[in-house]
Amino acid sequence: MKKLFVIGLDCAEPSLVYERWNDDLPNLRRLMEEGGYGRMRSTIPPITVPAWATMVSGKDPGELGFYGFRNRKDYTYDKLFVVNSLNFKAKAIWDYLEERNMKSIALGVPPSYPPKRINGIMISGFLTPSAKSEYAYPAYIKRELEEKFGEYIFDVRNFRIDDKENLLKQLYEMSEQRFEIVKWLMKEKNWDFFMFVDMGIDRLHHGFWKFFDPQHPKYIPGNPLENSGLEYYKFIDRKIGELLANLSDNTSIIVVSDHGAKRMEGGICINEWLIREGYLKLKCKPQGIVRLEECEIDWKNTMAWASGGYYARVFLNVKGREPEGVISPGDYEKIRDELKEKIESITDDKGNKIETRVYKPEEVYREINNIPPDLIVLFGDLYWRSVGSIGFNSIWTHENDTGPDDANHAQHGIFIYRGELDLKGDLGEIKIEDIKDIMLKHF
Amino acid sequence: MDKACTIWFTGLPSSGKSTIANRVAEILKNKGYKVEQLDGDVTRKYLSKGLGFTKEDRDENIRRVGFVAKLLTRNGVFVTAAFVSPYREIRDEIRKEIGNFVEVYVKCPVEVCIERDVKGMYKKALKGEIKNFTGIDDPYEEPLNPEVIVETDKETVEESVGKVMRKLAELGYIDEWSEPEGYSEEEEEIVKKRLENLGYY
């Protein structure tokens with residue numbers, strides 16, 4: 001019986017894996033040489049939850065009905081929900097395989113809490129509230145894992161710390177445990193399809209990028225953590241080698257990330273900008289740097305507001321839609337176009353043009369379900385993040401509002417394949433929506 | 001004695017009958033109900049050995065399965081029966097015979113079933129190696145008034161199973177069916193804080 005084993009490395013970056021550190025990653029390099037590899041084009045926005053869900057279902061974020069981690073529940077100003085597995089209603093690869101009587105193991109593939117009943121085993125990912133939660137299906141798997149591996153580590157416990165040695169230690173601990181669990185499951189349980197996601201590389205990029213990228217504005221040559229990135233990638237490569245050694249010859253292998261990463265130049269304070277341009281009005285002046293939610297907004301005089309993160313979501317205040325909407329539906333497109341044009345022309349703090357892209361949901365998705373943002377903004381080709389807080393007295397900042405962060409997400413991730421399909425050599429660009437069908441072709 | 005029923009899954013080969021029946025049976029067992037699972041692989045071996053696939057033989061097979069299901073059901077055992085059972089008349093006959101009968105039409109376009117071809121039978125039927133194969137050279141008569149219709153080409157197994165369980169609760173065969181729940185308010189707060197700390201927003 002043919003099998004497929006999928007190694008998900010959240011955020012693994014093609015320029016590091018395929019180029020800069022390729023010689024130091026013998027196992028990944030061998031897979032590339034014996035099979036094929038390409039640049040995996042992620043979702044818009046290239047964000048963990050919609051990206052993995054798109055990869056395993058073939059549906060884009062609009063079809064799935066979730067556009068990021070947080071989504072609007074309704075058209076009020078403050079009701080947002082965090083995506084969980086029940087919001088993921090599309091068929092995933094394991095559903096298709098169950099129809100063919102095949103067994104799957106899915107570990108840590110977001111969004112997977114609460115774990116779904118599948119024909120096989122599902123262990124939820126980093127959005128699991130705690131190790132006390134019921135994170136496994138069937139439920140007894142949790143007990144088995146705890147007996148063998150101790151408390152399950154879903155994520156690093158304290159990410160925003162300046163004690164980088166401590167953070168690095170947590171990263172190794174988390175990934176070590178994850179790979180050991182995978183190794184045990186792949187040997188002890190029945191499966192036709194196995195997929196797992198490790199979050200370590202994503203956390204590494206956000207916490208350590210400035211130490212190893214000479215182009216990062218805060219890079220200091222010769223810093224003691226200069227090799228932290230390479231060493232961690234080498235560690236992951238070794239762990240992959242251990243897994244490969246346990247796979248039978250009839251198993252095809254995919255190594256894939258949900259998006260890549262790049263240095264973060266700084267942040268664009270989107271709400272500051274909206275205030276300056278007259279789209280957003282507050283009832284009082286913020287004292288210091290505060291989140292927009294903590295300010296009283298003069299909704300009757302506000303046309304748009306936005307959320308921060310690795311990308312920006314801009315929402316319009318529309319009459320008859322939002323509780324105190326001001327934009328008449330007839331002007332909606334005009335204002336949206338105006339905003340798109342203006343946001344795309346925001347420069348960096350030195351007046352240089354940056355490649356900001358602003359998307360209308362209906363232009364990038366095949367279908368729209370639930371409530372998307374009115375505009376999705378990727379600042380400066382993703383070298384800039386979106387800062388939602390206000391009180392910076394500038395629209396640019398080089399200090400992140402939520403603590404130290406060195407990297408932003410990049411649009412392309414990795415896709416490496418070795419197996420029975422005719423996918424050899426440089427595969428060029430692979431769309432994330434097509435990966436489900438590539439996986440399904442094996443069965 | 002608890003009030004049990006026979007849950008009869010009918011549909012084309014590879015439409016997903018056994019998949020859903022297995023899940024429903026598992027849930028019922030976990031809830032403490034007595035459950036027996038009947039399907040073609042078992043009954044054609046022990047109950048209807050020697051019967052073929054002509055209309056008469058198919059009807060006889062279903063009649064015998066219906067008889068067993070009736071005995072179990074009236075003794076408080078839930079029966080999940082997953083059979084192509086292509087003919088309406090015999091399905092209606094056993095419905096009357098059993099009484100507590102929940103018909104689940106497992107609907108799926110034949111093209112999708114051919115693609116799945118769980119047992120490789122479509123391939124053989126299309127090559128002409130086997131005759132009287134439902135969906136290829138033998139008809140399938142859709143139920144006119146099934147209690148539940150699941151559409152397995154569009155729904156996840158979880159959704160289809162949810163439809164069946166909801167109907168069982170609605171008809172009073174089981175005490176309750178609570179839909180799986182996402183985050184509690186407290187859990188959502190924990191996750192929101194973590195995401196914020198990670199820089200996602």
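Residues numbered from 1 in each chain as written. Chains lettered and ligands numbered in written order. Predicted model: local features only at pLDDT ≥ 70, side-chain atom pairs only at ≥ 80, totals over all residues.

1. Digging into the overall build of chain B
Part 1: Looking only at helices and strands, chain B has eight helices and five strands in total.
Part 2: If you list the helices and strands of chain B from N to C, you get β-α-β-α-α-β-α-β-α-α-β-α-α.
Part 3: In terms of principal-axis extent, the alpha carbons of chain B reach across some 65 × 45 × 30 Å.
Part 4: For chain B, long-range pairs separated by at least 24 residues make up 73% of all intrachain contacts whose partners lie at least 6 apart in sequence. (Helix = DSSP H or I, 4+ residues; strand = E, 2+ residues; numbered from the N terminus. Contact = placed C-beta atoms within 7 Å.)

2. A short note on the overall build of chain A
Part 1: Counting its secondary structure elements, chain A contains 13 helices and 20 strands.
Part 2: In terms of overall size, chain A behaves like a compact globule, its C-alpha atoms giving a radius of gyration of 22 Å where 443 residues would be expected to give roughly 22 Å.
Part 3: Taken along its principal axes, the extent of the C-alpha atoms in chain A is 65 × 55 × 45 Å.
Part 4: Burial status across chain A gives 52% buried among its 443 residues.
Part 5: A separation threshold of at least 6 residues defines the contact pool for chain A, and within that pool the share at least 24 residues apart is 69%. (Rg over C-alpha atoms; globule rule 2.2 N^0.38 Å. Buried ≥ 20, exposed ≤ 12 C-beta atoms within 10 Å, placed from the backbone.)

3. Concerning the interface of chain B and chain A
Part 1: Tallying the contact residues gives 25 residues for chain B and 28 residues for chain A.
Part 2: Of all the elements in the fold, those that place two or more residues in the side of chain B that touches chain A are α1 (17-30), α7 (157-170) and α8 (185-198) of chain B.
Part 3: If one sorts the elements of the side of chain B that touches chain A by residue count, α8 of chain B sits on top with ten residues.
Part 4: Classifying every residue of the side of chain B that touches chain A by side-chain character gives ten nonpolar, seven polar and eight charged. (Nonpolar A, V, L, I, M, F, W, Y, C, P; charged D, E, K, R; others polar.)

4. Here's the deal with unusual backbone geometry
All names here are of chain A.
Part 1: With an omega of -5°, the peptide bond running from Ile44 to Pro45 counts as cis.
Part 2: Structurally, Pro45 is set in the loop between β2 (36-41) and α3 (48-57).
Part 3: Note the cis peptide between Tyr137 and Pro138, where omega equals -5°.
Part 4: Mapped onto the elements of the fold, Pro138 is located in the loop between β7 (136-137) and α6 (140-149).
Part 5: Within the chain, Cys11 stands out as a residue other than glycine whose phi angle is a positive 80°.
Part 6: Its location among the elements puts Cys11 in the loop between β1 (3-9) and α1 (14-20).

5. A word on α7 of chain B
Residue and element names in this part refer to chain B.
Part 1: With 14 residues, α7 extends 20 Å between its outermost C-alpha atoms, agreeing within 8% with the 20 Å of an ideal straight helix rising 1.5 Å per residue.
Part 2: Of the positions making up α7, those classed as buried are Val157, Ser160, Val161, Val164, Met165 and Leu168. Seen along its axis, α7 keeps its buried residues to an arc of 130°; they face one direction.
Part 3: One or two residues past the end of α7 sits Gly172, with phi positive at roughly 80°. (Expected span 1.5 Å × (residues − 1). Arc of directions from axis to C-beta.)

6. Side note on the sheet that holds strand β13 (residues 312-316) of chain A
The strands making up a sheet associate through backbone hydrogen bonding, with each pair oriented either parallel or antiparallel.
All names here are of chain A.
Part 1: Across the sheet, which stays open at both edges, the four strands sit in the order β12-β13-β15-β14 with antiparallel pairing between neighbours. The sheet terminates laterally at β12 (304-307) and β14 (357-359), the two strands that pair on one side only. Taken over all neighbouring pairs, the strand axes of this sheet differ in orientation by 25° on average, direction set aside.
Part 2: Judged from the three bridges that link them, β13 and strand β15 (residues 375-378) form a sheet pairing that is antiparallel. Paired with Ala312 across the strands is Val377, a residue of β15. (Pairing = 2+ DSSP bridges. Axes fitted to C-alpha atoms, helices over the stretch in contact; angles between N-to-C directions.)

7. With respect to the packing of α6 of chain A against helix α7 (residues 164-188) of chain A
Residue and element names in this part refer to chain A.
Part 1: Two elements in contact, α6 and α7, have axes whose closest approach is 11 Å; the angle formed by their N-to-C orientations is 120°. When the axis of α6 is compared with that of α7, the two are oblique. When you trace α6 past α7, the crossing you get is right-handed. Residue-level contacts link Leu145, Lys148 and Phe149 of α6 to Gln177, Glu180, Ile181 and Trp184 of α7.
Part 2: For the contact of α6 with α7, a count of residues per class yields four nonpolar, one polar and two charged. (Parallel < 35°, antiparallel > 145°, perpendicular 65-115°, else oblique. Left-handed = near helix turned anticlockwise from the far one by under 90°.)

8. Section: the sheet that holds β1 of chain A
All names here are of chain A.
Part 1: Spatially, nine strands are ordered β7-β6-β5-β8-β1-β9-β19-β2-β20 in an open sheet, and the strand pairing comes out mixed. Looking at strand neighbours, the two that pair on one side only are β7 and β20 (425-431), the edges of this open sheet.
Part 2: As paired strands, β2 and β20 are joined by five bridges and run parallel to one another. In the sheet register, Tyr37 faces β20, and the bridge partner there is Asp426.
Part 3: Seen against the sheet, α7 touches β5 (104-107), β6 (120-123) and β8 (193-198) and runs at an angle of roughly 175° to β8.

9. Examining the domain arrangement of chain A
All names here are of chain A.
Part 1: With domains assigned, chain A is organised as domain 1 (3-263 + 408-440) and domain 2 (266-404).
Part 2: Centre-to-centre separation of domain 1 and domain 2, based on C-alpha positions: 30 Å.
Part 3: On the side of domain 2, 28 residues touch domain 1, which itself brings 26 residues to the contact.
Part 4: Of all elements in the fold, only α4 (61-64), β3 (70-72), β10 (260-263) and β18 (407-410) reach the threshold of two or more residues within the side of domain 1 that touches domain 2.
Part 5: Split into classes, the residues belonging to the side of domain 1 that touches domain 2 amount to ten nonpolar, eight polar and eight charged. (Domains from an automatic or database assignment.)

10. Examining α1 of chain B
Part 1: For α1 of chain B, built from 14 residues, the straight-helix expectation of 20 Å at 1.5 Å per residue is met to within 8% by its first-to-last C-alpha distance of 20 Å.
Part 2: Backbone geometry just downstream of α1 of chain B places Gly32 of chain B in the positive-phi region, at approximately 95°.

11. Comments concerning the nonpolar core
Part 1: By size, the foremost hydrophobic cluster in this structure holds 132 residues, and its most contacted members are Val6, Phe193, Val255, Ala304, Val377 and Ile416 of chain A.
Part 2: Here this core gathers at least three residues from each of two domains, domain 1 (3-263 + 408-440) and domain 2 (266-404) of chain A.
Part 3: Once residues within four sequence positions are removed from consideration, Phe193 of chain A is found in contact with Leu4, Ile93, Trp94, Leu97, Met102 and Ser104 of chain A.
Part 4: Counting 40 residues, the second largest nonpolar core, distinct from the first, contains Ile20, Ile62, Val79 and Val102 of chain B. (Core = buried A, V, L, I, M, F, W, Y, C linked by C-beta atoms within 7 Å.)

12. A look at the packing of helix α2 (residues 26-34) of chain A against helix α9 (residues 228-245) of chain A
Residues and elements named next belong to chain A.
Part 1: One way to put it is that α2 packs onto α9 with a least axis distance of 7 Å and a crossing angle of 60°. Here α2 is positioned oblique relative to α9, judged by the angle of their axes. Between α2, through Pro26, Asn27 and Leu28, and α9, the contact on the second element is made entirely by Asp237, Ile240, Gly241 and Leu244.
Part 2: Residues that form the contact of α2 with α9 fall into these classes: four nonpolar, two polar and one charged.

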